[in-house]
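# A closer look at the structure
Spelled out, the chains give:
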Amino acid sequence: MTEGRHAQPPTYHRAVSLADARRHLGRRGACVYAGGTDLLVALRAGAPWVAGVRHLVDIKGLDALRGIARVGDGIRIGSLVTGAELATSALVRRVAPVLCEAAALAAAPWVRARGTVGGNLMSPHPAGDLATALLAMGSTAEFVTPAVLRRSIAIQALLAGHARIPPGAVMTGVRAPVAPSSAYQRVGRRLAFTRAVIAVGVVRHGAQLRVAAAGLGARPMLLAEGATVPGEDGALVDGLVRRAIGRLRPARGTGRA
Amino acid sequence: MTAPNPTVTLQVNGTRVEWQPRNGATLIEALRDHGLTGTKAGCSVGECGSCTVLVDDRPTPACLVLVAELDGARITTIEDVADRRIARMKSAFISNGALQCGACTPGMIIAASRIPSGASPEEIRAALAGNICRCTGYASIIRAVQDAQARPDA
């Protein structure tokens, strides 16, 4: 960081294991560092949410936090999986098109290659595309805490700020039921690297819908859960996304910083 | 007080260097501090692509990477004269008039040099979506990339 923008630039630590990460994260002012695409920008800008950060604990070397796998009736995505990996994964395209489409629209190519699922959920981004898609899917984030406890937190609670995450916790991954009938669309000023003015993810399980949207408030939010739709038409979900976008209006001031 | 970062060893344009990064120093700051001013700092938040360099052969915005995390990495910038794909792209940008003010050009050339050959204009546009040019309207840039890819030894 350029001198003066961040009063005390943080020290860098490379975690060599999850235990090592938890040890470093036990320090006052320690913060998980992964893709850095939001965190470094926030540090540079002196954003309030990073005001106390004194130590960056780089978890990128922890291979246990990588990988995308089918688990039972769901999918598990490591917290270090990048947007680019989601956008190009044949598995994600098949079992969760909403997430694949959201990842392909997020930011710009070089940023997608670095930005992670964990970061998109943990930085207070108002219109995170991955977060919005994962919210529509009804996902749960898994953490390990410094006390070596495992905790699962519904992403809905995480994004709404209702979850209490112990200091020093590391997100290890995200689990979600598969969502083969799903879609994601966004309206923005241009294709690359503009925050969505409005983005909507829709997931259909049988006749039940879950609809999540970004751009309407401080964080992505769940608009509808359990709404019912008639029919089994595969094109229906995409049509619903288009109609939903047509009806929505962005919140003032959230279109573009 | 926070502790200093450890020294990192890097390959920068084929030369081994040891740098002692200031806490919080990004790659773009370190490159320019060490006299490699060919890479331009633009927005500093990863949006414009002007500071794009290769980190282990992958285009990366140098403003979004800490020097401290790059121990052992291979960095390639616009100053590199040994990389044939970069050299070919430089020459194609010149012969196609693919630059005007030049601020985006170093990052654009680095990014363009790693687009797989045979890419369609749409694929080139998608690959360069993170590199903003405010002068050319992109048409000459797309032509330059296609030209470079059509040259022998691509």
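Rules behind the numbers
- Residues numbered from 1 in each chain as written.
- Chains lettered and ligands numbered in written order.
- Predicted model: local features only at pLDDT ≥ 70, side-chain atom pairs only at ≥ 80, totals over all residues.
- Domains from an automatic or database assignment.
- Contact = placed C-beta atoms within 7 Å.
- Helix = DSSP H or I, 4+ residues; strand = E, 2+ residues; numbered from the N terminus.
- Nonpolar A, V, L, I, M, F, W, Y, C, P; charged D, E, K, R; others polar.
- Pairing = 2+ DSSP bridges.
- Axes fitted to C-alpha atoms, helices over the stretch in contact; angles between N-to-C directions.
- pLDDT = per-residue confidence, 0-100.
- Parallel < 35°, antiparallel > 145°, perpendicular 65-115°, else oblique.
- Left-handed = near helix turned anticlockwise from the far one by under 90°.

### What to know about the domain arrangement of chain A
All names here are of chain A. On domain assignment, one finds that chain A holds domain 1 (11-60) and domain 2 (64-247). Each partner contributes residues to the interface: domain 1 has 16 residues there, and domain 2 has 17 residues. Of all elements in the fold, only helix H1 (18-25) and strand E2 (30-33) reach the threshold of two or more residues within the side of domain 1 that touches domain 2. No other element matches H1, which puts four residues into the side of domain 1 that touches domain 2. Class assignment for the residues of the side of domain 1 that touches domain 2 results in nine nonpolar, four polar and three charged.

### What about the sheet that holds strand E6 (residues 140-144) of chain A?
Strand pairs in the sheet, formed through backbone hydrogen bonds, run parallel or antiparallel to each other. Residues and elements named next belong to chain A. Here we have five strands laid out as an open sheet, ordered E4-E5-E8-E6-E7, and antiparallel in their pairing. Each edge of the sheet is formed by a strand with only one pairing partner; in this case those strands are strand E4 (68-71) and strand E7 (150-154). In this sheet, neighbouring strand axes are inclined to one another by 25° on average, regardless of whether the strands run parallel or antiparallel. In this sheet, strand E8 (residues 170-177) lies alongside strand E5 (residues 74-78) in antiparallel orientation, the contact comprising five bridges. Bridging from a neighbouring strand, Arg76 pairs with Arg175 of E8.

### Here we look at the sheet that holds strand E3 (residues 52-55) of chain B
All names here are of chain B. Spatially, the five strands line up as an open sheet ordered E2-E1-E5-E3-E4, and their pairing is mixed. The open sheet has two free edges, formed respectively by strand E2 (15-19) and strand E4 (58-61), since each of these has just one partner strand. Here the strands of the sheet are splayed against their neighbours by 40° on average, with no regard to which way each runs. For strand E1 (residues 8-12) and E2, the ladder comprises five bridges, and the chain directions are antiparallel. Bridging across to E2, Leu10 finds its partner in Val17.

### Let's talk about the interface of chain A and chain B
Interfaces are frequently sized by the accessible area removed from exposure as the parts join. Contact with chain A, which involves 25 residues of that partner, is made by 25 residues of chain B. At the level of secondary structure, the elements contributing two or more residues to the side of chain A that touches chain B comprise strand E1 (11-14), helix H2 (39-45) and helix H6 (109-112) of chain A. Tallied by class, the residues present in the side of chain A that touches chain B amount to 15 nonpolar, five polar and five charged.

### Some details on the environment of A:Ala127
Position of A:Ala127 relative to the elements: it lies in the loop between helix H7 (117-122) and helix H8 (129-136). When the C-alpha atoms of A:Ala127 and A:Arg219 are compared, they prove to be 6.3 Å apart, with 92 residues separating the residues in sequence.

### So, the confidence of the model for chain B
Chain-level pLDDT for chain B is 93 on average; 96% of the residues reach the 70-or-more range. Here the predicted complex carries an ipTM of 0.88, next to a pTM of 0.88.

### Considering the packing of helix H2 (residues 84-95) of chain B against helix H3 (residues 105-113) of chain B
All names here are of chain B. Remark: H2 packs on H3, axes separated minimally by 9 Å, with the N-to-C direction vectors making an angle of 125°. When the interaxial angle is binned, H2 and H3 end up oblique. Here H2 and H3 pass one another in a crossing that is right-handed. Along its contact with H2, which presents Arg85, Ile86, Met89, Lys90 and Phe93, the element H3 presents Thr105, Ile109, Ile110, Ala112 and Ser113. Residues of the contact of H2 with H3, tallied by class, amount to six nonpolar, two polar and two charged.

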